[in-house]
Amino acid sequence: MFERAGVGLRLKRDDLVHPLVPGNKWRKLGPNLESAVRDGHRRLLTFGGAYSTHLRAVALAAGALGLSSVGLVRGEELAGAPRNWSLRAAEEAGMELVFLSRAEYREAAGRVAGGGGEAELRRRFGPCLVLPEGGSNALAARGAQAVVAELLEAGGLGERDVVCCPVGTGGTLAGIAAGLPPGARALGVAVLRGGEGYLEGEVTRLHREAYGREFDGWRIEHGHHGGGYGRVPAALEEFAAGFERRHGIALERRYVAKALAALYGLTAAGAFPPGTRLTAVVTGLPDPV
């Protein structure tokens, strides 16, 4: 299909970038961990849902550095329930899980997203470095910019190039868009429903905080979220399974498969002119079977 449309597709295999914390989680966490160690922090605190990749990544990275970690988990009903594989992995890596009601979670995560809310969290949970939901802050955006640096080293980027990634909180897209050379473009695929305007605002905010300016040459596609965050409809599962059979590459469903399916659909609809080279960033590993 891509060949018929005159469009090229290549994969940037960031799922292979680090053995413990693969994909964009390593890109975003790396600079924050360096800052934590440099500033003498001994504890990390962050947020996530029941199957949060970010919580697991923080738990594993903190443990590897000898830091303690606290995860504020959305859903107080999970406190007394058997741990799912994701929360169990975070606890086994040494993370203390604190379960909050959805209202408490929104308030706590919102304070950090809005700035200035860290002090109250430190009063409640003790001295710590607070990382926002999804790990997307100014340091994370600058860390994600390394994706573009590696693409430039591997053969460059120009006017025919579109670099694509899934978008949950905006940090990875912000870094990619900031690092692109003139003419190249970035395309984000929203994995959550109802993010129009909000996600664009988050990317713009991160650009201002990380670089002191805004960037052009990027946009977010909102029509391929599959029904909402964490949703994997039958059509998406069928697409991902078919891709795996054809190419021998296992796909993470909630982020990566949505981005790739969007590229297939947009190309079939003629959204990219002939000669376009698409680069899909594989931002993470599939869930364990």
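Residues numbered from 1 in each chain as written. Predicted model: local features only at pLDDT ≥ 70, side-chain atom pairs only at ≥ 80, totals over all residues. Heavy atoms only, no water.

Engineer: I would appreciate a short explanation of the overall build of the protein chain in the present structure.
Structural biologist: Each helix and strand in the protein chain was counted, giving 12 helices and nine strands. Its C-alpha atoms give the protein chain a radius of gyration of 19 Å, near enough to 19 Å, the size a compact globule of 289 residues would have. Out of the 289 residues in the protein chain, the part that is buried amounts to 53%. Entry remark: accessible area of the protein chain is about 12900 Å², with carbon and sulfur atoms responsible for 52%. (Helix = DSSP H or I, 4+ residues; strand = E, 2+ residues; numbered from the N terminus. Rg over C-alpha atoms; globule rule 2.2 N^0.38 Å. Buried < 20%, exposed > 50% of the residue type's maximum accessible area, 1.4 Å probe, protein only. Areas by Shrake-Rupley, 256 points an atom, 1.4 Å probe, with all protein chains shown as cover.)

Engineer: I'm lost on the pattern of salt bridges in this one. Help?
Structural biologist: Pairing between side chains of opposite charge can happen when their charged atoms approach one another. A complete count under the given rule lists 17 salt bridges for this structure. Here Arg27 ties to Asp14 by a salt bridge, and the two come within 2.8 Å at their closest N and O atoms. On the criterion of sequence distance, the pair formed by Arg27 in helix 2 (residues 24-38) and Asp14 in the loop between strand 1 (8-12) and helix 2 is long-range, its members being 13 residues apart. Among the residues examined, Asp14 registers a relative accessible area of 1% and is labelled buried. (Salt bridge = Lys/Arg side-chain N within 4 Å of Asp/Glu carboxyl O.)

Engineer: What's the story with the sheet that holds strand 2 (residues 43-48) in this structure? I'm lost.
Structural biologist: Consider a sheet: its strands pair through backbone hydrogen bonds, and that pairing is either parallel or antiparallel. Across the sheet, four strands lie side by side as 4-3-2-5; this open sheet has parallel pairing. Looking along the sheet, the strands with just one partner apiece sit at the ends: strand 4 (95-100) and strand 5 (129-130). In this sheet, strand 4 lies alongside strand 3 (residues 68-74) in parallel orientation, the contact comprising six bridges. Counterpart to Val73 in the pairing with strand 4 is Phe99. Helix 3 (residues 53-64) rests against strand 2, strand 3 and strand 4 of the sheet, and its axis sits at about 165 degrees to strand 2. (Pairing = 2+ DSSP bridges. Contact = heavy atoms within 4.5 Å. Axes fitted to C-alpha atoms, helices over the stretch in contact; angles between N-to-C directions.)

Engineer: Just to check I follow, could you spell out the packing of aromatic side chains for this structure?
Structural biologist: Within a pair of aromatic rings, the relevant descriptors are the distance that separates the centres and the angle that separates the planes. Summed over all chains, the structure comprises seven aromatic pairs. Plain terms: the ring middles of Tyr229 and Tyr255 are 6.0 Å apart, the flat faces sit at 80 degrees to each other, and that makes the pair edge-to-face. Taken together, the residues span a long stretch of sequence, with Tyr229 in the loop between strand 8 (218-221) and helix 11 (234-247) and Tyr255 in helix 12 (residues 253-268) at a distance of 26 residues. Overall, Tyr255 belongs to the buried group, its relative accessible area being 19%. Of the aromatic side chains, those joined through ring pairs into one cluster are Phe2, Phe239, Phe243 and Tyr264. Arg74 extends its terminal NZ or CZ atom over the ring of Tyr105, reaching a point 5.1 Å from the ring centre. (Phe/Tyr/Trp six-rings, centres within 6.5 Å; stacked < 30°, edge-to-face > 60°. Lys NZ or Arg CZ within 6 Å of the ring centre and 35° of its normal.)

Engineer: Would you explain the packing of helix 3 against helix 4 (residues 85-92) in this entry?
Structural biologist: Packed helices, taken two at a time, are described by their axes: the angle between them and the distance between them. The geometry of helix 3 relative to helix 4 is characterised by a closest axis approach of 8 Å and an angle of 20 degrees between their N-to-C directions. In terms of orientation, helix 3 and helix 4 fall into the roughly parallel class. Between helix 3 and helix 4 lies a crossing of left-handed hand. Here Leu55, Arg56 and Ala59 of helix 3 come into contact with helix 4, specifically with Trp85, Ser86, Leu87, Ala89 and Ala90. (Parallel < 35°, antiparallel > 145°, perpendicular 65-115°, else oblique. Left-handed = near helix turned anticlockwise from the far one by under 90°.)

Engineer: What am I meant to see in the pairing of strand 2 here?
Structural biologist: Within a regular strand, the side chains alternate between the two sheet faces. Burial of strand 2 is extensive: five of the six residues sit out of reach of the surface. Where strand 2 and strand 3 come together, six bridges link them in parallel fashion. Bridging across to strand 3, Phe47 finds its partner in Leu72. You can see the chain leave strand 2, run along helix 3 and come back into strand 3, and the turn it takes is right-handed. (Right-handed = clockwise from strand over helix to strand, strands pointing away.)

Engineer: Got a minute to help me understand the sheet that holds strand 1 in this structure?
Structural biologist: The strand order 1-9-6-7-8 describes an open sheet built from five strands, whose pairing is parallel. A single partner strand is all that each edge strand has here, and the edge strands are strand 1 and strand 8. Neighbour to neighbour, the strand axes of the sheet diverge by 25 degrees on average, direction disregarded. Where strand 6 (residues 161-167) and strand 9 (residues 277-281) come together, four bridges link them in parallel fashion. Directly across from Val162, in strand 9, lies its bridge partner Leu278.

Engineer: What should I look at first to understand the side chain of His222 in this one?
Structural biologist: Note on placement: His222 falls in the loop between strand 8 and helix 11. Judged by relative accessible area, His222 falls into the buried class, the value being 13%. Among the polar contacts made by the side chain of His222, one reaches the side chain of Glu200 at a distance of 2.8 Å. If near-sequence neighbours (up to four positions away) are discounted, His222 is found in contact with Ala190, Gly195, Glu196, Leu199 and Glu200. (Polar contact = N/O pair within 3.5 Å; in protein donor to acceptor, adjacent residues only side chain to side chain.)

Engineer: What should I look at first to understand the state of the cysteines in this one?
Structural biologist: Per the counting criterion, the structure on display carries zero disulfides. Residue Cys164 stays outside any disulfide, its sulfur separated by 6.4 Å from that of Cys165, the closest cysteine. In this structure Cys165 comes out as buried when scored by relative accessible area, which is 0%. (Disulfide = S-S within 2.5 Å.)

Engineer: What is the right way to read helix 8 (residues 146-153) from this model?
Structural biologist: Residue pairs three or four apart in sequence face the same way in an α-helix, which turns once every 3.6 residues. By the burial criterion, the buried members of helix 8 are Val147, Val148 and Leu151. Burial along helix 8 is one-sided: seen end-on, the buried residues are contained in an arc of 95 degrees. Just beyond helix 8, the residue with positive phi is Gly155, at close to 145 degrees. (Arc of directions from axis to C-beta.)

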